[in-house]
Amino acid sequence: MELPAEEFRLTLGRTPAQAHYSFGCPRCGAAVRKPAGEKIVEALTGAGVRTMRLVPVEG
């Protein structure tokens, strides 16, 4: 089953190892949270998934 981008949330932490994405299971409604590697982050941001940064971006 494919979920639309608005059903996902991507969270980026201080390090790449702290990145994760979450969504509600469409079958049972349970909250699901999984780690997000670089390729997953790129795919989700490219699909328009809402992203939250836990630390400010320097620059």
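See above for the structure.
What you see is a predicted model; the values in this text were computed from it and never measured.

**What about the packing of aromatic side chains?**
Under the defined criterion, the tally for this structure stands at three aromatic pairs. Here the aromatic rings of phenylalanine 8 and tyrosine 21 are separated by 6.3 Å at their centres, their planes lie at 45 degrees, and the arrangement is tilted. In this pair, phenylalanine 8 is assigned in strand E1 (residues 8-12) and tyrosine 21 in strand E2 (residues 20-24), connecting sequence segments 13 residues apart. One exposure class covers both phenylalanine 8 and tyrosine 21, and it is buried. On the basis of an interplanar angle of 55 degrees and a centroid distance of 5.2 Å, the ring pair of phenylalanine 8 and phenylalanine 23 is categorised as tilted. One end of the pair, phenylalanine 8, is in strand E1; the other, phenylalanine 23, is in strand E2, and 15 residues separate them in sequence. Both residues of the pair, phenylalanine 8 and phenylalanine 23, belong to the buried class.

The rules behind each value
Residues numbered from 1 in each chain as written. Predicted model: local features only at pLDDT ≥ 70, side-chain atom pairs only at ≥ 80, totals over all residues. Heavy atoms only, no water. Phe/Tyr/Trp six-rings, centres within 6.5 Å; stacked < 30°, edge-to-face > 60°. Helix = DSSP H or I, 4+ residues; strand = E, 2+ residues; numbered from the N terminus. Buried < 20%, exposed > 50% of the residue type's maximum accessible area, 1.4 Å probe, protein only.

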